[in-house]
Amino acid sequence: MQIYKNNLINIQIEKSEIPWLKIFVNREVKEFSDCTFEEKLEVLKTLEIVEKSMIKYFKCDKVNIASFGNYVAQVHFHIMARFKEDSYFPESMWGAKQRESNLTLPSFEEFYELVKKSL
């Protein structure tokens, strides 16, 4: 589900037990080096806003930022708020599940609204 879009990027939600957003470049580009300077700046600015917002709002233990694109070749970045009690920590969210999680987190919907207002 998309929560934000401008002329350069869009932000989508990855459904998960943890706060997890993805920033996509709107143009069909495969590598970050294929992006225009303006697209790169917009991605980096947005990454910083989302990361700082996650830290402040969720008080997470760590923020993970990743860009793989093996399945989806479109340039995009994953931003995930991580918690020592989440199901996968310290593994990546694509790794082996470590435990059943019982996280109690603030509203994701309110967080999405906060991010939109910050942009």
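Because the structure is a prediction, the values reported are computed rather than measured. (Residues numbered from 1 in each chain as written. Predicted model: local features only at pLDDT ≥ 70, side-chain atom pairs only at ≥ 80, totals over all residues. Heavy atoms only, no water.)

Thoughts on helix α1 (residues 37-58)
Part 1 of the argument: For α1, spanning 22 residues, the distance from its first C-alpha to its last is 31 Å, which sits close to the expected 32 Å at 1.5 Å a residue.
Part 2 of the argument: Buried within α1 we find E39, E42, V43, T46, L47, V50, S53, M54 and F58. Buried residues along α1 cover an arc of 145° about the axis, so they all sit on one side. Turned more than 90 degrees away from the buried face of α1 sit F37, K52 and K56, all of them exposed.
Part 3 of the argument: The inward-facing, buried residues of α1 abut β2 (9-13), β3 (20-25), β4 (62-66), β5 (76-82) and α2 (108-118).
Part 4 of the argument: Of the residues flanking the end of α1, it is K59, one or two places downstream, whose phi is positive at about 55°. (Helix = DSSP H or I, 4+ residues; strand = E, 2+ residues; numbered from the N terminus. Expected span 1.5 Å × (residues − 1). Buried < 20%, exposed > 50% of the residue type's maximum accessible area, 1.4 Å probe, protein only. Arc of directions from axis to C-beta. Contact = heavy atoms within 4.5 Å.)

Brief notes about the UniProt feature "domain: HIT" (unreviewed entry) in the protein chain
Part 1 of the argument: UniProt annotation of "domain: HIT" (unreviewed entry) refers to residues 1-89 when read in the numbering used here.
Part 2 of the argument: The distance separating the terminal C-alpha atoms of residues 1-89 is 25 Å; by composition the span is 25% helix and 30% strand. (UniProt positions renumbered as here; feature names shortened; annotations may be inferred.)

Some words on the packing of α1 against α2
Part 1 of the argument: Running from amino to carboxyl end, α1 crosses α2 at an angle of 140°, the nearest separation of the two axes being 10 Å. One element, α1, and the other, α2, form an angle in the oblique class. In this structure, the crossing between α1 and α2 has a hand that is right-handed. Here α1 contributes I49, V50, S53, M54, Y57 and F58 to the contact with α2, which in turn contributes F108, E110, F111, L114, V115 and S118. (Axes fitted to C-alpha atoms, helices over the stretch in contact; angles between N-to-C directions. Parallel < 35°, antiparallel > 145°, perpendicular 65-115°, else oblique. Left-handed = near helix turned anticlockwise from the far one by under 90°.)

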